[in-house]
Number of protein chains: 2
Amino acid sequence: MSDVQSNLPALLAIARGERIADRVLRNGRIVNVFSGTIESEDIAIFDGRIAGIGSYKGKEEIDLKGAYVAPGLIDAHVHIESSLCIPPHFAEAVVPRGVTTVVTDPHEIANVAGIGGIRFMIEASKGLPLRVVFMAPSCVPATDMATSGAVLEADQLATLLADDSVHGLAEVMNFPGVINADAKMLAKLQAFAEHPQDGHCPGVRGNALNAYIASGIGSDHECITVEEAREKLARGLYILIREATNARNLDALLPLITEQNSRRICFCTDDRQPADLLNTGGIDHMLRRAIEFGIDPITAFRCCTLNTCEWFGLHDRGAIAPGRVADLFVFEDLRSPCASQVYISGSCYKADPGPEGPGFAIPNTLTQSCHVDLNAARFQIRAKTSRIRVIGSRENQLITDGLVHDAKILNGDAIADASRDLLKMAVIERHRGTGNIGLGFIQGIGLKRGAIAGTVAHDHHSLVVIGCDDVSMLAAARAVCDIGGGLVATSGDQILSRLPLPVAGLMSDRPIAEVRGIYDQLLAAAKELGSPLHDPFMAMSFMALEVIPSLKLTDRGLVDVERFQIVDLFV
Amino acid sequence: MSDVQSNLPALLAIARGERIADRVLRNGRIVNVFSGTIESEDIAIFDGRIAGIGSYKGKEEIDLKGAYVAPGLIDAHVHIESSLCIPPHFAEAVVPRGVTTVVTDPHEIANVAGIGGIRFMIEASKGLPLRVVFMAPSCVPATDMATSGAVLEADQLATLLADDSVHGLAEVMNFPGVINADAKMLAKLQAFAEHPQDGHCPGVRGNALNAYIASGIGSDHECITVEEAREKLARGLYILIREATNARNLDALLPLITEQNSRRICFCTDDRQPADLLNTGGIDHMLRRAIEFGIDPITAFRCCTLNTCEWFGLHDRGAIAPGRVADLFVFEDLRSPCASQVYISGSCYKADPGPEGPGFAIPNTLTQSCHVDLNAARFQIRAKTSRIRVIGSRENQLITDGLVHDAKILNGDAIADASRDLLKMAVIERHRGTGNIGLGFIQGIGLKRGAIAGTVAHDHHSLVVIGCDDVSMLAAARAVCDIGGGLVATSGDQILSRLPLPVAGLMSDRPIAEVRGIYDQLLAAAKELGSPLHDPFMAMSFMALEVIPSLKLTDRGLVDVERFQIVDLFV
């Protein structure tokens, strides 16, 4: 019998008013996501759950003095690893802002460390004030056009389901595989047939979209236009509107929301870096922005509470109602909700920095994740022709343009040309020591000199380097390896700044404020090197992601995502 | 691997447009319950499911000539037994009207024949054009204040879950048991903790309602006022608005529906007799009435499609979308939708009377269900005082008033007084031959002479008799037993009309049109006997239901439902 069940008689006695509640919140204005109204009632809490709404007495009674109380916010899709912090430190950033549940896809660490990496994230999320709902990474590796540290097939994912470690199947990025009925892909869908299956199908429309949805996948968070989102919603997908650090779709998609369709819309952050989380927030920021845009506040709250619970079937939360967990978001201004208090399982959350470290051991398999022999790595590109394919990076988007430009050729080599923002990019396989290195060129990063490098490179997370010259690039790559994975900026052989990410080369084990401080130095260094971008490191990290159009670079070479194949650098 | 999964590659090929669909519906106007819009697109069908919405080619192409196409309607809660017909014949009535799925609670037959009765209904529903979703009867018997033919505890119900025979727990009528944390009741809730649990809590409000909901129950279909429904909805219950033959809540509750709360509202029929089903319809009638009242048509459609699917988690239907079953409701007028065609698994439904019988054997345990020794039964009531409790029946409601009147006393016996519409009522236990007989008086049935009797008496389904004199009552009871269960009208010892219900004393094995014909004769006989009611037999059948306030009669005596105890007939 679960704790919930064994405590049920006591919960009911409190609900009936025949027993004193643990805690009663008085004089709050409840955001009722069922009725769409604001109610003035007491909230009685027992053993972490809401016992009743009405008139109650409690051992402790808290006067909310007319503040609003909403259900804790839910992030419908986030990769915690993108915060560069392990789950306890990610929680430190989002919980004080009222985010009490996140649905997470640990596919970054899974690409580095497989099932062991996923289980590390699950263990590291236990006992947190944040409820972390895990989805099983569906596409590790995302495709066979990149080398990952692990390959997860249906039978391995099923082991996560078997012991209830995961709730469903995470974003199915291999949309060509689904649409074309790839057997291994369908085997994964079948293994999760009775569970929510998140989608990822950028730009998929028409008959291809029908096929994708007919497979049983039920959501998408890759829409960038209202027209695309409207079609996907009409065909049956939940639309998870995303506002990541480098994929900002909220403003573009807010006009999608109508009273008629809003129940099918949720909010998610996908990937947000520390400074964004700490300065701007995540789901709480999206909520405020939606209300500011003119969405009815309760409709906006539903996009980060009830709707998300309905999509995922998380019926124990997402509303202030008897029997649900007492995760509450207290705020003063319905036009701009900022958390003044957050209740987790009915207790007021207080930041507790506690020990600086993670509070648990990080396995060696995670801390020793860079297997690269840089003595063998060559960044030189011999020119085959004078015309080259160039990745056209767009600010705040994951999609790129597939450009073709004249190469700058020196001594028979194609080289970077910072004057045209034509930088060299390298992706060096770091998991298996294969020596694979993919080389190409990119526009839109804007470095004028030096190089940046890192082991955060979605989704395979090999070592990615972008620079203006080979010396800076090699120095950056070497510095990343020296710190066991992380992010680095160099100018020539001088290291300007570095952020160690010892956990799988993806996450620090330091508190998020400290990580953010170092990250700010990194960003300053990149700015000093000439990049005008908000966050060139996050931009870089998506330039190796071969499932988002149009042109990307992996350790195996340039990928034409629409054609879903490796193409030559030279035209 | 299920058929669905093994056919998935073919379904996807059709969705992609690379293979010809089985059937394409052209020139339809699709009611899109996701977007809340009407779309003009082709619908491609393969192997019973929708492959895609868009432009498609089919082996067969059907021109809908601008007709509307909506998802097949869903009845959120119905007792099929109340149609007096077995499932195949019930389906004959509702499918041509566009009802393609019903969520059913077989608690009538369960009270007579236990798990065996439930399994009979499940078997009898296989292979029908109607999809029948079974819920496990939660309250057999409804209380211990009546004698039923079976007692179902949590462990027996769990056997139905174990082999996927049921989808969830049906209406939990023992609301005092839930609210007061009765151990056996909570054990049933626990057994179904991961499944939808339907509620039934007439008039429960405030803190008691909080307790009921905190238990995990998620719906209610017993609201009779907007105020009650609004409170229950705000506390988290789905509101299943009911329009039964004798419990008509639709008009009273339509003002509840707003754009803000409509997603939490579903339609159900609960109990409808054959003439109502054939003349007026069921869910289709509620849909038309809601639109006529002024509810937006797509909002009204959602109350009988998507909303119901969301409450029950039936994500394979309820919308016209890729991958969902191709159960479709085609109609011409959005202001008054009447089915012109119905598609079941993508094939146009054509009534097929087939063999007149059920097409399968009905077990003897069901056909021999009346165990009554009428020679031992006495209808005489010795007067203890001159004041008696009287059941005040209200037309078209299940609730009654608890009245107190002067008895008519003759030779020391309290007797019926038709001049004051004060009729005698008897409930004779028929399952176990206990000889139990409950006696009382009732107003509101309106017979001027004679008696009516039947083995349909919710939920225990003992033999119930209402009459103006003991001779007519005994004759009616005897006639019911002679036909192995059924409904009868008598005048003195003359049998005016009778409807045999050989299946558990609840259902005929004849086609519904034939049952309706005999039922009409019964109603004419009751009218001839003086009753002004639309359906005095259905009214009678709920006068023995001890879970709906205020005063009811079982084989154990008069039940004060608010006090939840047996009370004396005499005050």
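Residues numbered from 1 in each chain as written. Chains lettered and ligands numbered in written order. Predicted model: local features only at pLDDT ≥ 70, side-chain atom pairs only at ≥ 80, totals over all residues. Heavy atoms only, no water.

**Student:** Please clarify how the confidence of the model for chain A should be interpreted in this entry.
**Tutor:** In low-pLDDT regions, the fine details of the predicted coordinates are not to be read closely. On average, residues of chain A carry a pLDDT of 95, and 98% of them reach 70 or more. The ipTM, which scores confidence in the relative placement of chains, is 0.92 for this predicted complex, and the corresponding pTM is 0.93. (pLDDT = per-residue confidence, 0-100.)

**Student:** Honestly, empty space enclosed by the protein in this entry has me stumped. Any pointers?
**Tutor:** Empty space among the atoms can be located by rolling a probe the size of a water molecule over them. Residue and element names in this part refer to chain B. Overall, the coordinates contain 11 cavities of 30 Å³ or more when judged by the stated rule. Of the pockets and cavities examined, the largest cavity occupies roughly 120 Å³. Along its surface, the largest cavity is lined by 14 residues, and Ser82, Leu84, Val456, Met538 and Ser541 are the ones closest to its centre. When residues of the lining of the largest cavity are assigned to their parent elements, the largest contribution, 3 residues, is made by helix 18 (residues 536-542). Of the residues contributing to the lining of the largest cavity, the split by class is 7 nonpolar, 5 polar and 2 charged. (1 Å grid on protein atoms, 1.4 Å probe; cavity = no way out; pocket = protein on both sides within 12 Å on 5 of 7 lines; lining within 4 Å. Points joined across faces, edges and corners; volume = space filled by probe spheres on them. Helix = DSSP H or I, 4+ residues; strand = E, 2+ residues; numbered from the N terminus. Nonpolar A, V, L, I, M, F, W, Y, C, P; charged D, E, K, R; others polar.)

**Student:** I'm lost on the side chain of His79(B) in this one. Help?
**Tutor:** Residue and element names in this part refer to chain B. For His79, the location among the structural elements is in the loop between strand 6 (73-78) and helix 3 (87-94). A residue is classified by how much of its surface remains accessible, and His79, at 2% relative accessible area, is buried. Polar contacts involving the side chain of His79 include one to the side chain of His77, which spans 3.2 Å. What His79 contacts, discounting residues up to four positions off in sequence, is Thr104, Asp105, His107, Glu108, Glu171, Asp270 and Asp271. (Buried < 20%, exposed > 50% of the residue type's maximum accessible area, 1.4 Å probe, protein only. Polar contact = N/O pair within 3.5 Å; in protein donor to acceptor, adjacent residues only side chain to side chain. Contact = heavy atoms within 4.5 Å.)

**Student:** I would appreciate a short explanation of unusual backbone geometry in the present structure.
**Tutor:** Omega for the bond connecting His458(B) with Asp459(B) falls within 30 degrees of zero, at -10°, which places this linkage in the cis form. Relative to the helices and strands, Asp459(B) resides in the loop between strand 23 (451-454) and strand 24 (463-467). Between Pro549(B) and the following residue, Ser550(B), the backbone shows a cis peptide bond with an omega angle of 0°. Within the element layout of this structure, Ser550(B) appears in the loop between helix 18 and strand 27 (551-554). Of note, Asp421(A) is a non-glycine position whose phi angle comes to about 50°, a positive value.

**Student:** Help me understand the packing of aromatic side chains in this model?
**Tutor:** The description of two aromatic rings rests on the distance between their centres and on the angle between their planes. Per the counting criterion, the structure on display carries 14 aromatic pairs over all chains. With a centroid separation of 5.9 Å and an interplanar angle of 65°, the aromatic rings of Phe301(B) and Phe329(B) are classed as edge-to-face. Of this pair, Phe301(B) sits in helix 13 (residues 297-303) while Phe329(B) sits in strand 14 (residues 328-331), and the two are 28 residues apart along the sequence. We note that Phe301(B), like Phe329(B), is buried. Look at Trp311(B) and Phe312(B): their rings are 5.6 Å apart centre to centre, the planes differ by 50°, and that puts the pair in the tilted class. Here Trp311(B) and Phe312(B) have matching classes, each one buried. Taken together, the aromatic side chains of Tyr68(A), Phe301(A), Phe329(A) and Phe331(A) make up a single cluster linked through ring pairs. A cation over a ring is seen here: Arg29(A) above Tyr68(A), with NZ or CZ 4.3 Å from the ring centre. (Phe/Tyr/Trp six-rings, centres within 6.5 Å; stacked < 30°, edge-to-face > 60°. Lys NZ or Arg CZ within 6 Å of the ring centre and 35° of its normal.)

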